[in-house]
Each structure stands twice: as structure tokens, then as C-alpha cells.
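Results of the structural survey
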Amino acid sequence: MDISSAVGGSYTDNLIGTLLAIFGNVLVSISLSIQKYSHVTLAGTKDLRAFYRTKTWWCGFVLTCLGEGANFVSYAFAPLALVAPLNAVSILTSSILGLLFLREKSKPKDFAKRYGLSFLGCVLTIGGTYLFVAFGPNSHEKLKAENIVKHIVGWPVLLYLLLEIITFCLLLYFYKQHSANYLVIILLMVALLGSVTVITVKAVSGMLVLTAEGTMQLDSPIFSVMFVCMVASVVFQARFLSQACKLYDSSLIASVNYILSTFFAVVAGAVFYLEFKNEDVLHICMFLLGSALCFLGVFLITKNRKKTKTFEPYVTMDMTNGVPTIHDKGLVVQPDFNGSYSYGALVNNDGVAPVTLPVNLEQQPVSSLPDLKKD
């Protein structure tokens, strides 16, 4: 076998996989922004239609399918260590689109505080992406069914899977039996499942690409095993992520989940597919530096993202008739100290129309005070 042609083919495959992953993550970010824009537009115009009846939402859904399809195919061409950290491109694109497409604005005095760190995070993410792509592993093999079986029966993979299963069972025990609903525990379980997901996705994607090229791989039992494991791990990941979203802020989840999932995906690629076997120390160190910069960049991007506040009504007393009224300021939790309201305020100075509480409160005539001398 010609070594130069193998190296050249590996570089070409890596380039194709990297471009597909970047393209897919950008498409997913655009699609999510379009779908969010559809929801915001429906809410703003008080349109009674369901979101899935709008053309905008379906346009975003189609782009999501195309983006995820590109991400799926990218695993067949590039190593896991290159594809997994590229999820930072999705967070980076979402941050930029949030400013431009969705027109998320802040007060001038808050711009430097919020968007200064976000801009620094974008720079670090771009620099880190360049480093781990430039110094990432270049080895790539055609994932035939027999090659995948050889990887699975190797003792490093069996030891790695055993440690993952034990760790996951311990985390699940504390999560279920001791109600340990800590974010780190939930996202660690998601990351452990994610490492299984990327291993199986790369195997399934590789065998599908080889089948499309003319080498049938779908009749092998290992394809069915990998496909079932892929679907099961994705379903359980979605379940734990949904639970985390109910308990914690989405920005915090995005950054912590990216860091943990990327770390375990890189480790899985190094152990299962031996992606760093022929790499020298310099390339590995530069790759780790690029990944660390991406981790820090994603953390800074999501750190100052505007958090959604739920509405909590507050009650004031109308001085005219003494009827308690409730005021709705949309997403404001309570009147802030800079507004016209403060705790205990009795006068409505901000022009917000009060809404009477849905209680039949009738004014009682003022009667004389009870005789206090009576026992």
C-alpha cells in the first residue's frame, strides 16, 4: 500500500468531514434561530395558529434535518476528536445570530459587561477551533464491519466500557435513590451516554457510506447492534437533558454539557478508534490547547446570556376604592428599584393598566367599631 496516497486520502477525508461538521452546525444554529423567530412572531401578533402550521417553523425544521444529516455523515470521514469539538461552532453561530437576526439588545451601560465577554469568548472559540483542527489526528480508517468488531473485542475498549457502565450505574443510583439532582451528575450521565452515541454514530455512518460506495455492510450483525445502541443512547440522553432543562438555566447547561460531552467523546475516539496512536507529543499538546480555548470560549459566550425571567404578579392597593389589583409587566419578576414601583408602593406611576383580581370583592359599608368593653 502506498503510504503517501493513504496519508493524502486521510487528509482529504478529514477535510471533508470537518467541512461537513462546520456546515451542519451552522445550519442547525440558523434553523433554531428561524424557529425561535417563528415562535416570537406568533406570540407578538397573538396569532392563534399552532407553531407547526407556519411556513417559517417548517423552514427551520428542514434546515435542522439537513444540518443533522451533515453532522451524521461527517463522522464517517473525520475522527471523533475533530468532529465532536466542532459543536462549539453551533454555540458561536447562535451567539452571533442572537445579536443580528433576533435583534437581542441591551442597555448601553450593560453592553460592555455582557457583550464584551461574549466577544472575547467568540475570539477564543475561533482560535481554539483552528488549533484543534490544524493539529488534530489525521489517521482515518474505513469502518468495515470486521474492523469494528476488532475494536470492540480489544481489552482497552472492554475496560473503558466497563468503567463507563460502573460510573453510570453509580451516578444513576445517587440520582434515583438519593434525589441527587445536581447539574454535574445529570450532565455526567448525559456525557457518558454521549460517548456511546458518538462511537455508534461513527460506526453506523461509516458502514452506510461504504454501502453507498458499493461495499455492502448492512447485512452484518454488528450494524444492527450499533444501530440499536445508537438509538437507545440518544433517547436516554434526551430524557436526562430534558430533566436538566427543567431544573437549571439553559445557558449553564449548554456550556457544561459541551465541555463534558466533548471530553468524553475525545476519550472515546482515542480508546475505541485509536485516533491518537500515531500522533506526536507536540500535536497532542496543541490539540489539547485548542480544546481548552474552545471550552473557555463557550463558557464566556454562555456566561452573560440573557436569562428568561418568569412572571410573578405583585399586588397593590387602589387608593380610590381599596380593591387589591394585580399588575402584569410581562417578563419582569418584581418591580425593580430603578422603576416607578417599589415594594409597598400605593400609586401606579408607570401607566400600566391594573387588572382586578378575579375575586368578587364588594365594598362593605363602614360601620362603627365594635364595643371593646364587651367580653
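Residues numbered from 1 in each chain as written. Predicted model: local features only at pLDDT ≥ 70, side-chain atom pairs only at ≥ 80, totals over all residues. Heavy atoms only, no water.

Structural notes on the overall build of the chain
- In terms of helices and strands, the chain carries 11 helices and three strands.
- Traced from its N-terminal end to its C-terminal end, the chain shows the element sequence α-α-α-α-α-α-α-α-α-α-α-β-β-β.
- Here the chain, with 375 residues, has 38% of them falling under the buried criterion.
- The long-range share in the chain, meaning contacts at least 24 apart out of those at least 6 apart in sequence, stands at 76%.
- When the accessible surface of the chain is summed, it comes to about 22200 Å², and 68% of that surface belongs to carbon and sulfur atoms. (Helix = DSSP H or I, 4+ residues; strand = E, 2+ residues; numbered from the N terminus. Buried < 20%, exposed > 50% of the residue type's maximum accessible area, 1.4 Å probe, protein only. Contact = heavy atoms within 4.5 Å. Areas by Shrake-Rupley, 256 points an atom, 1.4 Å probe, with all protein chains shown as cover.)

Quick word on the side chain of glutamine 35
- You can see glutamine 35 is positioned in helix α1 (residues 3-45).
- For glutamine 35, a relative accessible area of 12% gives the class buried.
- Not counting the four nearest positions on each side in its chain, glutamine 35 is found in contact with Trp57, Gly60, Phe61 and Thr64.

A look at helix α9 (residues 221-247)
- With 27 residues, α9 should cover 39 Å at 1.5 Å per step; its first-to-last C-alpha distance of 40 Å lies within 8% of that length.
- Among all positions in α9, only Ile222, Phe223, Met226, Met230, Ser233, Gln237, Phe240 and Ala244 are buried.
- Close packing links the buried residues of α9 with α2 (55-74), α6 (145-152), α7 (155-177), α8 (183-212) and α10 (250-272). (Expected span 1.5 Å × (residues − 1).)

Some details on the packing of aromatic side chains
- Under the criterion given, the structure shown has 12 aromatic pairs.
- Ring centres of phenylalanine 168 and phenylalanine 240 lie 6.3 Å apart, and the angle between their planes is 80 degrees; this geometry places the pair in the edge-to-face category. Here phenylalanine 168, found in helix α7, pairs with phenylalanine 240, found in helix α9; they are 72 residues apart in sequence, far enough to count as distant. Comparing phenylalanine 168 with phenylalanine 240, the two get one shared label, buried.
- Seen from their ring centres, phenylalanine 272 and tyrosine 273 are 4.7 Å apart, and the 65 degrees between their planes marks the pair as edge-to-face. Taken as a pair, phenylalanine 272 and tyrosine 273 share a single burial class, namely buried.
- One aromatic cluster is present, formed by Trp57, Trp58 and Phe61 through successive ring pairs. (Phe/Tyr/Trp six-rings, centres within 6.5 Å; stacked < 30°, edge-to-face > 60°.)

A closer look at the confidence of the model for the chain
- Residues with a pLDDT of 70 or more make up 74% of the chain, whose mean pLDDT is 77.
- Predicted confidence for residues 1-8 stays below pLDDT 50, and this span has one contact to residues more than four positions away or in other chains.
- Low confidence marks residues 308-320, where pLDDT is under 50. Its contacts with residues over four positions away, or in another chain, come to 37 contacts. (pLDDT = per-residue confidence, 0-100.)

Structural notes on the packing of helix α4 (residues 87-100) against helix α11 (residues 281-303)
- At a closest axis distance of 10 Å, the pairing of α4 and α11 adopts a crossing angle of 30 degrees. When the axis of α4 is compared with that of α11, the two are roughly parallel. At the point where α4 passes α11, the crossing takes the left-handed sense. Across from Ala88, Ile91, Leu92 and Ser95 in α4, the residues of α11 making contact are Val298, Ile301 and Thr302.
- Per-class residue counts for the contact of α4 with α11 are five nonpolar, two polar and no charged. (Axes fitted to C-alpha atoms, helices over the stretch in contact; angles between N-to-C directions. Parallel < 35°, antiparallel > 145°, perpendicular 65-115°, else oblique. Left-handed = near helix turned anticlockwise from the far one by under 90°. Nonpolar A, V, L, I, M, F, W, Y, C, P; charged D, E, K, R; others polar.)

Regarding a nonpolar patch on the surface
- Among the surface-exposed residues, Trp155, Leu159, Leu162, Leu163, Ile166, Leu170, Tyr173 and Phe174 lie close enough to one another that they form a single nonpolar patch of about 860 Å² accessible area.
- Its location among the elements puts isoleucine 166 in helix α7. (Patch = residues over 30% accessible without salt bridge, like charges linked within 9 Å, V, L, I, M, F, W, Y side chains within 5 Å. Salt bridge = Lys/Arg side-chain N within 4 Å of Asp/Glu carboxyl O.)

Focus on the environment of glycine 116
- Among the structural elements, glycine 116 can be located in helix α5 (residues 108-134).
- With relative accessibility at 33%, the residue glycine 116 sits in the partly exposed group.
- In this structure the C-alpha to C-alpha distance between glycine 116 and isoleucine 301, which are 185 residues apart in sequence, comes to 9.6 Å.

What about α8?
- With 30 residues, α8 extends 41 Å between its outermost C-alpha atoms, agreeing within 8% with the 44 Å of an ideal straight helix rising 1.5 Å per residue.
- Following α8 by one or two positions, glycine 214 has its phi on the positive side, about 120 degrees.

Brief notes about the packing of α7 against α8
- Two elements in contact, α7 and α8, have axes whose closest approach is 10 Å; the angle formed by their N-to-C orientations is 150 degrees. By the angle between their axes, α7 is roughly antiparallel relative to α8. Viewed along their axes, α7 and α8 form a crossing whose handedness is left-handed. For the pair formed by α7 and α8, the contact residues are Tyr160, Glu164, Thr167, Phe168, Leu171, Leu172 and Tyr175 on the first element and Ile185, Ile186, Leu188, Met189, Leu192, Leu193, Ser195 and Val196 on the second.

Quick word on the environment of valine 157
- Locating valine 157 in the fold gives a position in helix α7.
- Classification of valine 157 by relative accessible area gives buried; the value is 2%.
- In this structure, the C-alpha to C-alpha distance between valine 157 and leucine 274, residues 117 residues apart in sequence, is 9.9 Å.
- Excluding residues that lie within four positions of it along the chain, valine 157 makes contacts with His151, Ile152, Val271 and Phe272.

Quick word on unusual backbone geometry
- Despite not being glycine, serine 179 shows a phi value in the positive range, around 50 degrees.
- Looking at where serine 179 falls in the secondary structure, it is placed in the loop between α7 and α8.
- The backbone of leucine 274 shows a phi angle near 50 degrees, a positive value even though the residue is not glycine.
- By secondary structure assignment, the location of leucine 274 is in the loop between α10 and α11.

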